[in-house]
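Commentary on secondary and tertiary structure
So the chains spell out like this:
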Amino acid sequence: MAIVISATELQKRFGNHVAVNGIDLAVEQGSIYGLVGPNGAGKTTILRMLVDILRPSDGTLSVLGATPRESGSELRRRIGYLPGELKLNERVTGKKLLRQLERISGSVDQEFVEKLAKRFDVDLARPVRTLSKGNKQKIGLIQAFMHRPELLILDEPTSGLDPLMQREFLALVREAQDNGQTVLLSSHILSEIQHAADEVAVLSHGKIVAHNDVNSLRLAGVSHVRAILGGASLDEARDRLEALPELSKVYVARTTGDLVSVSAALKGEVDPVIKALAGFHVVNLSIEEPDLEESILNLYERGEVER
């Protein structure tokens, strides 16, 4: 698969402050790639370098086979960019604003613009200054998607959107991927990345501290085991489960009758747990898959992410 974005030892300094500290990045064509990390981790700085708003202090950078600083408007027309700090001309209507932005993006199918506006439930006839923050964000998303770019670079794309519109945005991203477009998005909202991205890079203090596909990052986290056991003694159940290195935070309590409730945190393979529980009469068993947030917090707890 072709590489759409490639960065090697990419660095950005502002005086003595290192905002991006020697990262390597490779985003494949047709993928949805997520950058996740707290505010100040370097996400926005990376995206601004990709569209040549900022110039790298060091390292190499290629976007759609070109160097951003040398490619100008020709490269920009192939990219749909939503900045994290959205600033719009508020003296015109949404429709006129989008017409003005065609000078940057190139020719746009107006029927497609109307469809996007309908999906996001925003009135383009209203002056931008009268719109709420969420509706202004919708205009920003429309201008990023409207020319069907090869590459979408979206910084905190769901900021200000209600849950229904967040769902609509995620559907639009998946449709873009189905059309062969590549999407790079950054967010501090872990659930957003979890539901949208194929691959994720976790940033901290300008460095990529973890990188993998979403499923692998989930598996790096901690699952939750819950079981109801029949005919088991509290001590026997506790001793057997606490002996397993895969389990922590083991909690055993008597419920009704001869039933025993068990809960624990699971890190690693589930097979030893199943074998240990097989010695009891298992009335009920659930193993809840970890989400991306727990996986990343687990990286912090293990000291693998610099604070």
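As a starting point, this report considers the structure included with it. No experiment lies behind these values; they were computed from the predicted model shown.

A few points about the pairing of strand 8 (residues 199-204)
The element strand 8 is extensively covered by neighbouring structure, given that five of its six residues are classed as buried. Looking at chain direction, strand 8 and strand 9 (residues 207-213) are connected through six bridges and run antiparallel. The residue bridging Ser204 from the neighbouring strand is Lys207, located in strand 9. Connecting the antiparallel pair strand 8 and strand 9 is a turn made up of two residues, with His205 showing a positive phi of about 50°.

Quick notes on the pattern of salt bridges
Where charged atoms of side chains with opposite charge meet at close range, the side chains can pair. The full count for this structure, using the stated rule, is twelve salt bridges. Where Glu111 meets Lys115, a salt bridge forms, and the shortest distance between an N and an O atom there is 4.0 Å. Remark: Lys115 and Glu111 occur in helix 4 (residues 110-120); sequence separation between them is four residues, near one turn of the helix. The class for Glu111 is exposed, based on a relative accessible area of 51%. A single salt-bridge network, built from bridges that share partners, covers Arg119, Glu168 and Glu175.

What about the nonpolar core?
Among the nonpolar cores identified, the biggest contains 43 residues, and Ile142, Phe145 and Leu154 are the most heavily contacted of them. Other than its neighbours up to four places away in sequence, Leu154 contacts Leu47, Gly80, Leu82, Ala144, Phe145, Phe169, Val183, Leu184, Leu185 and Ser186.

Some remarks on the packing of helix 4 against helix 5 (residues 133-145)
Between helix 4 and helix 5, whose axes approach to 10 Å, the crossing angle comes to 145°. Judged by the twist between their axes, the crossing of helix 4 over helix 5 is right-handed. Mapping the contact onto sequence places Phe112, Val113, Leu116, Ala117 and Phe120 in helix 4 and Lys138, Leu141, Ile142 and Phe145 in helix 5. When the residues that make up the contact of helix 4 with helix 5 are grouped by side-chain class, the tally is eight nonpolar, no polar and one charged.

Considering a nonpolar patch on the surface
Judged by side-chain polarity, Val270, Ile274, Val282, Leu285 and Ile287 come together as a nonpolar surface patch covering roughly 320 Å² of accessible area. Counting residues per element, the nonpolar patch draws most heavily on strand 13 (residues 281-288), at three residues. You can see Val282 is positioned in strand 13. For Val282, a relative accessible area of 32% translates into the label partly exposed.

A short note on the sheet that holds strand 3 (residues 32-36)
Reading across the sheet, the six strands line up as 5-6-7-3-8-9 and stay open at both edges, with mixed pairing between neighbours. The outermost strands of the open sheet, each flanked by one partner alone, are strand 5 (79-82) and strand 9. Mean inter-strand twist for the sheet, computed between neighbouring axes without regard to direction, equals 15°. Taken together, the five bridges between strand 3 and strand 7 (residues 182-187) define a ladder with parallel strand orientation. Looking across to strand 7, one finds that Tyr33 is bridged to Leu184.

Scoring rules and cut-offs
Residues numbered from 1 in each chain as written. Predicted model: local features only at pLDDT ≥ 70, side-chain atom pairs only at ≥ 80, totals over all residues. Heavy atoms only, no water. Buried < 20%, exposed > 50% of the residue type's maximum accessible area, 1.4 Å probe, protein only. Helix = DSSP H or I, 4+ residues; strand = E, 2+ residues; numbered from the N terminus. Pairing = 2+ DSSP bridges. Salt bridge = Lys/Arg side-chain N within 4 Å of Asp/Glu carboxyl O. Core = buried A, V, L, I, M, F, W, Y, C linked by side-chain atoms within 4.5 Å. Contact = heavy atoms within 4.5 Å. Axes fitted to C-alpha atoms, helices over the stretch in contact; angles between N-to-C directions. Left-handed = near helix turned anticlockwise from the far one by under 90°. Nonpolar A, V, L, I, M, F, W, Y, C, P; charged D, E, K, R; others polar. Patch = residues over 30% accessible without salt bridge, like charges linked within 9 Å, V, L, I, M, F, W, Y side chains within 5 Å. Areas by Shrake-Rupley, 256 points an atom, 1.4 Å probe, with all protein chains shown as cover.

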